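# Inside the fold
Residue-level listing of the chains:
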Amino acid sequence: MLFRNEKSRSRGNLVPVLPLRDIIVFPHMVVPLFVGREKSIAALEEAMNNEKDIFLAAQKNAKTNNPGVDDIYRVGTLGQILQLLRLPDGMVKVLVEGRQRYRIADFATQDPFFTAELEAVHETTSRSQSEIEAIVRSVNGSFESYVKLNKKVPPEMLVSVSAIDDPGRLADTVAAHLELKLEDKQALLEVADPGERLEEVFRYLQGEVEILEIEKRIRGRVKKQMERTQREYYLNEQMRAIQKELGQADESKNELSELEDRLKKKDMPKEARDKAQKELKKLRMMSPMSAEATVVRNYIDWILDLPWNEKTPEKIEIDDVERILDEDHYGLEKPKQRITEYLAVLKLVERIQGPVLCLVGPPGVGKTSLAKSIARALGRNFVRVSLGGVRDEAEIRGHRRTYIGALPGKVIQSVKKAGSSNPVFLLDEIDKMSSDFRGDPASAMLEVLDPEQNANFNDHYLDLDYNISDVMFITTANNLYQIPGPLRDRMEVIRIEGYTELEKLNIAKRHLVPKVLKNHGLEGKSVNISDSAILEVVRHYTRESGVRNLERELAGICRKIARDIVKSNRTRAVRVTGNAVEKYLGPIKFRTDKAAEKDVVGVTQGLAWTEFGGDMLLIEVSVTSGKGKLTLTGKLGEVMQESAQAAMSYVRSLSAQLGLHADYFQNHDLHVHVPEGAIPKDGPSAGITLATAITSALTGIPVKRSVAMTGEITLRGRVLPIGGLKEKLLAAHRAGITEVLIPKDNEKDLRDVPQVVKDELQVTIVEEMEEVLRHALVRPVGNAKPETPTPTEVPDVEASQQPAPPFN
Ligand code: ADP
């Protein structure tokens, strides 16, 4: 073979040159070339006429059509033509094989084609054998990855490449397959040192592998994404087809578009809209029959049903408010006045902030109906939630949606029921909430009722903020002291006391009777319930501070009348008189608390205040022989027990005055009993009653039956103030008491007591226990006639066996 293994080519042996536009032919590489330029074809013809040798050198710029000598790289590959084919269009296709790199020493001719004189390139390496070995292995490894990643290289190449030991040849073979820029390939070709060349090739190879790997990763990701979308699309289409078969498709589509429509039309905050949209999107993906879809649909329904920005027009006209409150309620002057004041302030500050109204009073005194009237007067919608017995925070705040069957709490439910975002919201019986392990509802309530801190309320189910700053909350309670402190602090308390008999009569005449007649279809049927009948019901069929049972019993009468009318087709007027009540309601239910029948030793009438109003509280004391023990029975609360001890100590300090022996208390036991099961016996208002009963029992002086009393006592006998005076006086009045002893400090509370009561009741102000005794006992204690204590009061075996000794 010509030139092979020659160190240099002797001058005069010129070789035709084929300038290549965009390819570098490396030694050992077989490539087809298409040749069209005349000059190049001439060079090929010359080669064919000789040894088929042709020098393949790249042009520096592929675009140059007619390159000069300077446009051609000097280093190239001497190749041999394996095959030459003339194509019909004048082009020539030639198959050449690269043999060895040479450098053009000089161009001999340029026309009609280039010929050049070549000089050999010495391929010796400076690398050690082991270095070469290492690079060869690395290149082999990398090339394997390259072939795997690059589909353009046929896999058979791997076998032939791994068989090459010679580093130079390996470098050339691999370089031929790399996708490099022309200049880079040329640079590789020009590296004479095979070790160095192979190293360069390795560097390029590594870079290529890295790029290919990244490409693969990206391709994979894109593919996966596409697959998923396609899969979802396919499955959805399939599902739709199935639903269509089952006849559900239209339905669910309608439903979805209906939800969408509603969402579009609904005025709501962005946060809620986004959430609803997100859920709607989820719903679209689900089978409409699945349980999950129902949950999601319910949730969207809740969002859509809530009045987010729908307000009823607000009007606060104080005259209207006063008129409506008066229209709906008899009496209640003070509460009505306080309510109008509260609303007047609201009107001035133009927003609902600050304290929440709290109506406190016994059941049936009109708390709920006052709140309803407020709503009516303001033109707001009204909702009521009873908090009685609520012990779980979730009842107020709702359950998280992850729970099966979860729902929003009472607040959000009621707002939905109200249908506007500015209703009057009545929180009934806020004192009856309790807390247990399921969380503290009071703290949830606190969040609702603290407008300073929270304009928004977050329900667990909705998981969205709902603006409650326009809601007007009103609370009610029977007992102020059972409301948790922090809640109480945020309230403006309006107390509503019980009604007198006369007030009840008026309420019944003006409001209750017309109402029950209407409810029973007796309106305009000439049914008349007389005053005496109402009073009879008040006195003997109800025992309450409010009028709830009164209303119930009147309804009972109406039911009977309705039955009679329907049964006998009667058209005659019906008049219910006091005497006829028993016919309608059966035997009387309560005998009014009556004052004691006679003056009794050791029995005193106190006055108690309970959640249900005032009541009489009887206290009995008996003395027996014994060892100085004080026994308290009747389930007394702690405070009352202490009151009894204090009363006892006070009376003991009076021993001498009462004419008792110094060792009297060592030989006698005292038994204090408070009968009457229905009244909770606690509270600090029975001190003077206890002391009076004890004194009476010890001295044997009877207590006046016409007197009742209330007041706490100190050890030195001072009388301290009590609460619930109005209720207590009403109870005394009901019971037919004629004189009531009250503490001096309660004198101011007499203002609230209805005049009728004050007219018929002699109210005596007391400051010291001595005054109490003076008014209550039939005789003054100072000149007490020694009497035998009365063990007969309570049957006592021991006492009757051993009659107690006389006092002195
Ligand atoms: P509360 O909420 O205090 O327990 P309600 O407001 O439910 O009591 O009152 C019970 C019934 O008594 C209602 O029908 C109410 O209209 C009526 N009522 C109570 N007080 C009055 C009053 N002062 N005037 C007219 N009706 C009254």
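Residues numbered from 1 in each chain as written. Predicted model: local features only at pLDDT ≥ 70, side-chain atom pairs only at ≥ 80, totals over all residues. Heavy atoms only, no water.

Next up on the list: the overall build of the protein. Check the secondary structure of the protein and you find 28 helices and 24 strands. Computed over its C-alpha atoms, the radius of gyration of the protein comes to 55 Å, more than 25% above the 28 Å expected for a compact globule of 808 residues. C-alpha atoms of the protein, sized along the principal axes, occupy 170 × 75 × 50 Å. Taking all 808 residues of the protein together, the buried fraction comes to 48%. (Helix = DSSP H or I, 4+ residues; strand = E, 2+ residues; numbered from the N terminus. Rg over C-alpha atoms; globule rule 2.2 N^0.38 Å. Buried < 20%, exposed > 50% of the residue type's maximum accessible area, 1.4 Å probe, protein only.)

Moving on to the nonpolar core. In this structure, L343, I374, I529, L554, I557, I561 and V576 are the most contacted members of the largest nonpolar core, which totals 56 residues. Once residues within four sequence positions are removed from consideration, I561 is found in contact with L522, V527, V574, V576 and Y584. (Core = buried A, V, L, I, M, F, W, Y, C linked by side-chain atoms within 4.5 Å. Contact = heavy atoms within 4.5 Å.)

As a matter of local geometry, the ligand sits amid 19 residues, with G364, K367, T368, K515 and R548 nearest to it. R548 is positioned such that a nitrogen or oxygen atom in its side chain is 2.3 Å from an oxygen atom of the ligand. Secondary structure elements with two or more residues in the shell around the ligand: α12 (367-378), α17 (501-519) and α19 (548-568). Top element by residues in the shell around the ligand is α17. It accounts for four residues. Here the shell around the ligand is built from residues that sort into eight nonpolar, six polar and five charged. (Near = heavy atom within 4 Å. Polar contact = N/O pair within 3.5 Å; in protein donor to acceptor, adjacent residues only side chain to side chain. Nonpolar A, V, L, I, M, F, W, Y, C, P; charged D, E, K, R; others polar.)

Next up on the list: the pattern of salt bridges. All chains considered together, the criterion is met by 44 salt bridges. As a salt-bridge pair, E123 and R101 come within 3.1 Å of each other at their nearest N and O atoms. Of the two residues, E123 sits in the loop between β6 (115-120) and α2 (129-149) while R101 sits in strand β5 (residues 92-109), which places them 22 residues apart along the sequence. Looking at E123, the relative accessible area reads 32%, which means it is partly exposed. Close ionic contact of D431 with K432 constitutes a salt bridge, the shortest N to O distance being 3.1 Å. On the basis of relative accessibility, which here comes to 4%, the residue D431 falls in the buried class. (Salt bridge = Lys/Arg side-chain N within 4 Å of Asp/Glu carboxyl O.)

Our focus in this paragraph is the sheet that holds strand β7 (residues 356-360). A sheet is described by the order of its strands in space; here five strands give the open sequence β8-β9-β12-β7-β13, paired in parallel fashion. Pairing within the sheet leaves two strands with one partner each, and these edge strands are β8 (382-386) and β13 (491-495). Strand-to-strand twist across the sheet, computed as the mean angle between neighbouring axes with direction ignored, equals 25°. Where β8 lies against strand β9 (residues 424-428), five bridges are found, and the strand directions are parallel. Its bridge partner lying in β9, V385 is registered against L427. Strands β7, β12 (472-477) and β13 of the sheet are contacted by helix α11 (residues 333-349), whose axis makes an angle of about 155° with β13. (Pairing = 2+ DSSP bridges. Axes fitted to C-alpha atoms, helices over the stretch in contact; angles between N-to-C directions.)

Quick look at the packing of helix α18 (residues 531-540) against α19 now. Packing of α18 against α19 brings their axes to within 10 Å, and their N-to-C directions diverge by 125°. On the basis of their axis angle, the class for α18 and α19 is oblique. In the crossing of α18 with α19, the sense of the turn from one axis to the other is right-handed. Across from I534, V537 and V538 in α18, the residues of α19 making contact are L550, E553 and I557. (Parallel < 35°, antiparallel > 145°, perpendicular 65-115°, else oblique. Left-handed = near helix turned anticlockwise from the far one by under 90°.)

All right, on to a positive patch on the surface then. Together, R217, R221, K224 and R228 make up a region of like positive charge exposed at the surface. Relative to the helices and strands, K224 is located in helix α6 (residues 194-246). Relative accessible area serves as the criterion here: at 60%, K224 is assigned to the exposed category. (Patch = residues over 30% accessible without salt bridge, like charges linked within 9 Å, V, L, I, M, F, W, Y side chains within 5 Å. Areas by Shrake-Rupley, 256 points an atom, 1.4 Å probe, with all protein chains shown as cover. Lys, Arg positive; Asp, Glu negative; His and termini not counted. Charge placed at Lys NZ, Arg CZ, Asp CG, Glu CD.)

A word on the packing of aromatic side chains. A full pass over the atoms with the stated rule returns six aromatic pairs. Judged by centre distance (5.2 Å) and plane angle (50°), the ring pair of W308 and Y466 falls under tilted. In this pair, W308 sits in the loop between α9 (291-305) and α10 (318-328) while Y466 sits in strand β11 (residues 465-467), placing the two residues 158 residues apart along the sequence. The residues W308 and Y466 share a single accessibility class, namely buried. (Phe/Tyr/Trp six-rings, centres within 6.5 Å; stacked < 30°, edge-to-face > 60°.)

Let us look at the pairing of β12. Burial analysis of β12 places six of its six residues in the buried class, the great majority of the element. By the alternation rule, side chains of β12 split into M472, I474 and T476 and F473, T475 and A477, which are all buried. The pairing of β7 with β12 spans four bridges and is classified as parallel. Looking at β12, one finds that C358 is bridged to T475.

Now for the side chain of T312. As for its placement among the helices and strands, T312 is situated in the loop between α9 and α10. From its side chain, T312 meets the backbone oxygen of G379 in a polar contact 3.5 Å long. Not counting chain neighbours up to four residues away, the residues in contact with T312 comprise G379, R380, N381, S420 and N422.

So, about helix α14 (residues 410-418). Regarding α14, the residues found buried are V411, I412, S414, V415 and A418. Relative to the axis of α14, the buried residues are bounded by an arc of 165° and lie together on one face. (Arc of directions from axis to C-beta.)

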